[in-house]
Amino acid sequence: MTQRPFSRPGAIDLSALKRPAPAPAAGAGSTPQPDAGSSAYAVEVTEQNFQQVLESSMTAPVLLVFYSHTRMPESGQLADDLRALSGEFEGRFLVGLVDIDAAPQIAQAMQIPSIPLVVAVIEGRPMPLFQDVLPREELRTALTQVVQQLTTQGIVERHQPRDAAAVQGVDLDEVDPRYAAAQDALGEGDVDRAVAEYQKLIDANPADLEAAAGLAMARVLQRTAGVDLNSARAAAAQAPDDVDAQTLVADLDMLGGHVEDAFTRLVELVRRTAGDERTRARDHLLGLFAAVGNDDPRVLRGRQNLASALF
């Protein structure tokens, strides 16, 4: 796919990334706004909200995608696909959509050499990610690999969804102080300490669903620490009824954002097993349900499928 130049060719100078954005126009909102019909984890980037989008990378990674529907329609499709896929990863990154026709100053300040271009911003530090237009499935795979890399580096924080509260100016990226110790531990790569901190919250309040979800996800991180994805998948393929092999791959699917794949794998394992092995598979699946949250539609479907597999 031939890329369309936007500014002068050559190395990307991203040193201007942190320069202050122009002051908002009168009446303009100061909070990054979700585009109508967009994912809860994607925002249209403007001159007014650019700085705040960058600052949100201090919470969790931001992927800036530079595109133009008019100059290169394929780049617009990439932006649309990233918007659509962002929800599958449940806040592991925020997609910032930069239409260079609507916001040319941003592209010029960053000296974008061509479109499309996807830049990852982590804690304010930018790095070019890829410049190709990929089919959606390949893009999903690439994003999964990015998330897995981030996890191995101890970057596990998530963005909160850009919902109605964000539109009203509520800071959704602010960490609830109750969970700060656990979140700090995760940010430092100390998963064992994060598990202990979440367990303290559960012991103090067994009804704390947020802590239960955090504990379940921290345990997923514990179980997958140092695991080679390809080796784990190969082992699971060779032993389809091995509970340890299948639950490990389900955990890896969870980390990669493939939540429904993880659920389906374990539901089918429950269907094929009996006795203690079935109980282990079921309990592991219930733990993954807790990590996602009982109100999530995927969990509701998963519970229905599990009930069908059990009876």
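Participant: Go over unusual backbone geometry with me, naming the residues and quoting the values.
Facilitator: Here Ile115 and Pro116 are connected by a cis peptide whose omega angle stands at 0°. Backbone geometry at Glu90 places phi at a positive 50°, although glycine is not the residue there. Among the structural elements, Glu90 can be located in the loop between α2 (73-86) and β4 (94-99). For Glu90, a relative accessible area of 17% corresponds to the buried category. Look at Glu123: it is not a glycine, yet its phi comes out positive at around 50°. The topology assignment puts Glu123 in the loop between β6 (117-122) and β7 (125-130). On the basis of relative accessibility, which here comes to 42%, the residue Glu123 falls in the partly exposed class.

Participant: Tell me about the packing of aromatic side chains, residues and numbers included.
Facilitator: According to the stated counting rule, one finds 2 aromatic pairs in the structure shown. Ring geometry for Phe263 and Phe289: centres 4.8 Å apart, planes at 85°, overall edge-to-face. Within this pair, whereas Phe263 is found in helix α11 (residues 259-272), its partner Phe289 is found in helix α12 (residues 275-292), the two being separated by 26 residues in sequence. Across this residue pair, the class does not change: Phe263 and Phe289 are buried.

Participant: I'd love a proper account of the packing of helix α10 (residues 243-255) against α11, names of residues and values included.
Facilitator: Their axes nearest at 7 Å, the elements α10 and α11 cross at an angle of 165°. Between α10 and α11, the angle is such that the two are roughly antiparallel. Pair α10 / α11 crosses with left-handed handedness. Two secondary-structure elements touch here, α10 through Val243, Gln246, Thr247, Val249, Ala250, Asp253 and Met254 and α11 through Val259, Asp261, Ala262, Phe263, Arg265, Leu266 and Leu269. Residue composition of the contact of α10 with α11, by class: 9 nonpolar, 2 polar and 3 charged.

Participant: Tell me about the nonpolar core, and please be specific about residues and values.
Facilitator: Counting 38 residues, the largest nonpolar core has Tyr198, Met254, Phe263, Leu285 and Leu288 as its most contacted members. Those elements that place two or more of their residues in this core are α6 (180-187), α7 (191-204), α8 (209-224), α10, α11, α12 and α13 (297-310). Apart from the residues within four sequence positions on either side, Met254 is in contact with Met217, Val259, Ala262, Phe263, Leu288, Ala291 and Val292. Core analysis: the second largest hydrophobic core is formed by 21 residues, Val45, Leu54, Ala103 and Ile106 among them.

So, how was this worked out
Residues numbered from 1 in each chain as written. Predicted model: local features only at pLDDT ≥ 70, side-chain atom pairs only at ≥ 80, totals over all residues. Heavy atoms only, no water. Helix = DSSP H or I, 4+ residues; strand = E, 2+ residues; numbered from the N terminus. Buried < 20%, exposed > 50% of the residue type's maximum accessible area, 1.4 Å probe, protein only. Phe/Tyr/Trp six-rings, centres within 6.5 Å; stacked < 30°, edge-to-face > 60°. Axes fitted to C-alpha atoms, helices over the stretch in contact; angles between N-to-C directions. Parallel < 35°, antiparallel > 145°, perpendicular 65-115°, else oblique. Left-handed = near helix turned anticlockwise from the far one by under 90°. Contact = heavy atoms within 4.5 Å. Nonpolar A, V, L, I, M, F, W, Y, C, P; charged D, E, K, R; others polar. Core = buried A, V, L, I, M, F, W, Y, C linked by side-chain atoms within 4.5 Å.

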